[in-house]
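Summary of structural features
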Amino acid sequence: MSAIKAKNQMSNELSNLLIDIASKSRIASAQLSRASSGLKNKALIKMAEELVKKSAYIIAENQKDVEEAESKGQSSAMIDRLTLTPQRIEKIAQGLREVATLTDPVGEVVRMWTRPNGLKVGRMRIPLGVIGIIYESRPNVTADAAGLCLKSGNAVILRGGSETIRSNMAIGQILRDALSELGLPEDAVQTIPITDRNAVLEMLKLDELIDLIIPRGGEGLIRFVAENSRIPVLKHYKGVCHIFVDETADLDMAKSICINAKVQRPGVCNSMETMLVHENIAESFLPIISKAFSENNVELRGCKKTKEIIPEVIEANENDWFEEYLDLILSVKVVKDMEDAIEHIEKYGSMHTESIITQSYENSQNFINGVNSSTVMVNASTRFSDGFELGLGAEIGISTSKLHAFGPMGLEELTTTKFIVLG
């Protein structure tokens, strides 16, 4: 009985802690929503300065996280993601400086019209309020997310992974101190100090205090958050990105784009996972691209028609078309025409990013209109599906759900609009 009581007491203490954090964020968000662009920009510059100034402290705390990860046998890729160096901290600081240069969306009147009765009606951008960010293994997200939320007038509650708790807490405290020094509410940036997964569950119950949850990490984390949240969640489960090489494609261009999309950085969500090739050019293009992929250590898994043309490829099974490999592995399918390609994308895609390589304007427009993914490209690598590359300045994540944002999310996607009416 005493064990049950102790467990209940711990649960209540955790719940009360999360309520206290979220309540402070709610108060801070109201104050921050009225802050001027100039003051927010000063805060971002101050944050950047303090991170660089205190980089030795951050690295010392980060090293404790790294040593613990190594003792637990974490992969080298995981350890690389969580490791901070002076160069990486400078890059984080530069990201905050860049956010300071972006146009502040808050207060922008995006549309205004006059009704027959004389009323002037408009829509004005306002912050969402309190945003919860749940993420894994990358301490840079602590500063990136805080900077974007600050600029868009939102308070943020940051819950990083247990593997970076010390790093996140160190960065978070430095950001809070910078806010306080400039007279902005330090509770606009809060980092949950508990690694217990139950902290996430308690956080996801606070629909009256938190307005939006954005999970960043693997598919398992994102599904866990989406299945347990009472709060709206902006998410993408995975990035099964396609490139369709049309029969009119310039084959040299197609080769260059496809190699970039798969090889440059295979472990990210905007890398190509399936290449679709029009049957009219398959016999001429597949041997060329297969050789190029082989030179870059890419394993190909092809449909039966692909295997007839390139016998050495592994024959793909049904699961391969759904797979986000995040590795130097690529599925290849020969399709009859564009309709066949679009049907394949519709069935197996994740609504992330698709591209067509074509010299036909008509075909490019048909592809743009026929594909429902969040980003659709013509003669471009899927690797360009990124907030910075698309001119957003930075991104807080990518959404493949259509409410309220779709695709890479920048400052505007961290706002909503209210009606203003002038009598």
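Refer to the structure presented above.
Calculation notes
- Residues numbered from 1 in each chain as written.
- Predicted model: local features only at pLDDT ≥ 70, side-chain atom pairs only at ≥ 80, totals over all residues.
- Heavy atoms only, no water.
- Helix = DSSP H or I, 4+ residues; strand = E, 2+ residues; numbered from the N terminus.
- Expected span 1.5 Å × (residues − 1).
- Buried < 20%, exposed > 50% of the residue type's maximum accessible area, 1.4 Å probe, protein only.
- Arc of directions from axis to C-beta.
- Contact = heavy atoms within 4.5 Å.
- Patch = residues over 30% accessible without salt bridge, like charges linked within 9 Å, V, L, I, M, F, W, Y side chains within 5 Å.
- Areas by Shrake-Rupley, 256 points an atom, 1.4 Å probe, with all protein chains shown as cover.
- Salt bridge = Lys/Arg side-chain N within 4 Å of Asp/Glu carboxyl O.
- Pairing = 2+ DSSP bridges.
- Right-handed = clockwise from strand over helix to strand, strands pointing away.
- Lys, Arg positive; Asp, Glu negative; His and termini not counted.
- Charge placed at Lys NZ, Arg CZ, Asp CG, Glu CD.
- Core = buried A, V, L, I, M, F, W, Y, C linked by side-chain atoms within 4.5 Å.

Some words on helix α5 (residues 86-101)
For α5, spanning 16 residues, the distance from its first C-alpha to its last is 23 Å, which sits close to the expected 22 Å at 1.5 Å a residue. Buried within α5 we find Ile 89, Ile 92, Ala 93, Leu 96, Val 99 and Ala 100. All buried residues of α5 project into a common sector of 110 degrees when viewed along the axis, lining one side. Every exposed residue of α5 that faces more than 90 degrees away from the buried side is listed here: Gln 87, Lys 91 and Thr 101. Close packing links the buried residues of α5 with α2 (37-53), α3 (55-71), α6 (140-151) and α7 (165-181).

A word on a nonpolar patch on the surface
Taken together, Val 109, Met 112 and Leu 422 make up a surface patch of nonpolar side chains, about 250 Å² in accessible area. Locating Leu 422 in the fold gives a position in strand β16 (residues 415-422). Classification of Leu 422 as partly exposed rests on a relative accessible area of 43%.

Considerations on the pairing of strand β8 (residues 272-278)
Counting buried positions over the 7 residues of β8 gives 7, a clear majority of the element. Relative to β8, strand β7 (residues 241-245) is paired through 5 bridges, and the arrangement is parallel. Considered in β8, the bridge of Phe 244 is made with Leu 276. Handedness of the β-α-β unit built from β7, helix α10 (residues 251-263) and β8 comes out right-handed.

A word on a positive patch on the surface
A surface patch of like charges, here positive, comprises Arg 81, Lys 91, Arg 138 and Arg 265. Along the chain, Arg 265 falls in the loop between α10 and β8.

So, the nonpolar core
If you look at the biggest cluster of nonpolar residues, it comprises 45 residues, and the most contacted ones within it are Leu 51, Ile 133, Leu 175, Ile 214 and Ile 396. Listing elements by their share of this core, those giving two or more residues are α1 (2-32), α2, α5, β3 (130-135), α6, β4 (155-159), α7 and β6 (212-216). In terms of residues, this core owes the most to one element, α6, which gives 7 residues. If near-sequence neighbours (up to four positions away) are discounted, Leu 175 is found in contact with Met 47, Leu 51, Leu 96, Thr 142, Ala 143, Ala 146 and Val 189. With 30 residues, the next largest nonpolar core counts Ile 257, Phe 285, Ile 310 and Val 332 among its residues.

Considerations on the sheet that holds strand β9 (residues 299-302)
The strand order across the open sheet built from 7 strands is β10-β9-β11-β8-β7-β12-β13, with neighbouring strands paired in parallel fashion. Since the sheet does not close on itself, it has two edges, and those belong to β10 (314-315) and β13 (375-378), each with one partner.

Some details on the pattern of salt bridges
For the structure on display, the rule yields 25 salt bridges. When the shortest N-O distance is used, the salt bridge between Glu 412 and Arg 125 registers 3.3 Å. Taken together, the residues span a long stretch of sequence, with Glu 412 in the loop between β15 (407-409) and β16 and Arg 125 in strand β2 (residues 120-127) at a distance of 287 residues. Take Glu 412: its relative accessible area is 40%, and that puts it in the partly exposed class. Among the residues examined, Arg 125 registers a relative accessible area of 15% and is labelled buried.

Some remarks on helix α11 (residues 282-295)
Between its first and last C-alpha atoms α11 spans 19 Å; for 14 residues at 1.5 Å apiece the expected length is 20 Å, and the two agree. Buried within α11 we find Ala 282, Phe 285, Leu 286, Ile 289, Ser 290, Ala 292 and Phe 293. The buried residues of α11 occupy an angular sector of 165 degrees when the element is viewed end-on, so they sit on one face. Exposed and facing more than 90 degrees away from the buried side of α11 are Glu 283, Lys 291, Ser 294 and Glu 295. Elements that come into contact with the buried residues of α11 comprise β7, α10, β8, β9, α12 (304-309) and β11 (329-335).

Some thoughts on the environment of Lys 120
You can see Lys 120 is positioned in strand β2. With relative accessibility at 43%, the residue Lys 120 sits in the partly exposed group. As for Lys 120 and Leu 422, which are separated by 302 residues in sequence, their C-alpha atoms are 4.9 Å apart. Not counting the four nearest positions on each side in its chain, Lys 120 is found in contact with Met 112, Trp 113, Thr 114, Ile 420, Val 421 and Leu 422.

Quick look at the environment of Ala 143
Its location among the elements puts Ala 143 in helix α6. Residue classification places Ala 143 among the buried residues on the basis of a relative accessible area of 0%. Along the sequence, Ala 143 and Gly 407 sit 264 residues apart, while their C-alpha atoms lie 21 Å from each other.

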